[in-house]
Amino acid sequence: MAKVIVVTSGKGGVGKTTTSAALSTGLARQGYRTVVIDFDIGLRNLDLVMGCERRVVYDFVNVINGEAALHQALIKDKHTDNLFILPASQTRDKDALTPEGVAQVLEILAQEFEYIVCDSPAGIERGALMALYHADEAIITTNPEVSSVRDSDRILGILQSRSRRAELNMEPVKEHLLLTRYNATRAERGDMLSVEDVKDILAIPLLGVIPEDPSVLKASNQGLPVILMEESVAGSAYADATQRFLGEECPMRFLEAPKKGLLQRIFGGQG
């Protein structure tokens, strides 16, 4: 039975698409047939991050409108076996998604794939609510700042009351916290919330901490999921998070500031 995972947040710009690309790639690399869907109708960034923007002929909305078959719109990932991308439309608006159309597409995909990763738009507009509604598991992606965490708390309330699982009185959506763009040195100085602060506010299990890393932007510009940049700290952190998502024991890294060397202690300098 396929599992539907929604990658969501209350605030934009926290790394949802980076996370969707990394997680879906990580699952596929573990041998699971995986599809990742861009629900951000009108913007469409997932195909850029996955490096397949030139291959887009048909999209999610074309399939819902009966203008193309699902297999025509699915793009096979060029980096990873077992991984497919269903891009969003860049020319339609959010109302192009219909509840019936989304449900039908997910139903068909569930017959072929083990994991369906939904890259949700930020906030609670139509595309986001559609993605949230069908979730079996949710990865709440947040930055260590008050406004981002507060908005994520609102998303948790929607998951717990307006998802299909809540509507049908089923077992609740399984929630995971992913803290992105974390800088342990700045957290120690009080310039951003600490991991413990965020965990206390949201009170859901911590899946991973993704440190600030210029490799994320570099990977995005190259059309490469950052998890494939194995020498990068962000790529390593996403690989760890994937292992934890699959139920494996994996120590949490990148939580503490690096120790200063002797010269740094003598001459100062901040991270």
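The structure presented is a predicted model; accordingly, all values stated were derived computationally and were not measured.

Peer 1: Report on the overall build of the protein chain, specifying residues and quantitative values.
Peer 2: Broken down by element type, the protein chain carries 13 helices and eight strands. Computed over C-alpha atoms, the radius of gyration of the protein chain comes to 19 Å, within 12% of the 18 Å expected from 2.2 N^0.38 for 271 residues, which places it in the range of a compact globule. Relative to its 271 residues, the protein chain shows a buried fraction of 54%. Restricting to contacts in the protein chain with at least 6 residues of sequence separation, those with at least 24 account for 73%. Only carbon and sulfur atoms are counted for the fraction: they give 48% of the accessible area of the protein chain, which is about 12700 Å². Across the protein chain, the centroid of the 29 positively charged side chains sits 4 Å from that of the 37 negatively charged ones.

Peer 1: How would you explain the packing of helix α7 (residues 146–162) against helix α10 (residues 195–202) if you had to name every residue and give the values?
Peer 2: At their nearest, the axes of α7 and α10 sit 10 Å apart, and the two run at 30° to each other. Of the two elements, α7 crosses α10, and the hand of that crossing is right-handed. Here α7 contributes Val149, Ser152, Asp153 and Leu156 to the contact with α10, which in turn contributes Val198, Ile201 and Leu202. Looking at the contact of α7 with α10, its residues break down into five nonpolar, one polar and one charged.

Peer 1: Please set out unusual backbone geometry residue by residue, giving values where relevant.
Peer 2: Positioned with a positive phi, asparagine 82 is a non-glycine residue whose angle comes to about 70°. Of note, asparagine 82 is situated in the loop between β3 (75–76) and β4 (83–86). On the accessibility criterion, asparagine 82 (26% relative accessible area) is partly exposed. Even without being glycine, asparagine 169 reaches a positive phi, approximately 55°.

Peer 1: Please provide a residue-by-residue account of the sheet that holds strand β5 (residues 115–119), values included.
Peer 2: Strand order across the open sheet formed by eight strands is β3-β4-β2-β5-β1-β6-β7-β8, with mixed pairing between neighbours. Looking along the sheet, the strands with just one partner apiece sit at the ends: β3 and β8 (206–211). Bridge analysis of strand β1 (residues 3–8) against strand β6 (residues 137–142) gives four bridges, and the strand direction is parallel. Its bridge partner being in β6, isoleucine 5 is matched across the sheet by glutamate 137. Packing of helix α1 (residues 16–29) onto the sheet brings it into contact with β1, β2 (34–38), β4, β5, β6 and β7 (174–182), and relative to β5 it is tilted by some 170°. On top of the sheet, helix α12 (residues 233–245) reaches β1, β5, β6, β7 and β8; it is set at about 175° to β8, its chief contact.

Peer 1: Outline the pairing of β7, listing residues and values.
Peer 2: Taken residue by residue, a regular strand's side chains alternate between the two faces of the sheet. The element β7 is extensively covered by neighbouring structure, given that seven of its nine residues are classed as buried. Pairing of β7 with β8 involves four bridges; the strand directions are parallel. Residue pairing in the sheet places leucine 177 in a bridge with leucine 206 of β8.

What counts and what doesn't
Residues numbered from 1 in each chain as written. Predicted model: local features only at pLDDT ≥ 70, side-chain atom pairs only at ≥ 80, totals over all residues. Heavy atoms only, no water. Helix = DSSP H or I, 4+ residues; strand = E, 2+ residues; numbered from the N terminus. Rg over C-alpha atoms; globule rule 2.2 N^0.38 Å. Buried < 20%, exposed > 50% of the residue type's maximum accessible area, 1.4 Å probe, protein only. Contact = heavy atoms within 4.5 Å. Areas by Shrake-Rupley, 256 points an atom, 1.4 Å probe, with all protein chains shown as cover. Lys, Arg positive; Asp, Glu negative; His and termini not counted. Charge placed at Lys NZ, Arg CZ, Asp CG, Glu CD. Axes fitted to C-alpha atoms, helices over the stretch in contact; angles between N-to-C directions. Left-handed = near helix turned anticlockwise from the far one by under 90°. Nonpolar A, V, L, I, M, F, W, Y, C, P; charged D, E, K, R; others polar. Pairing = 2+ DSSP bridges.

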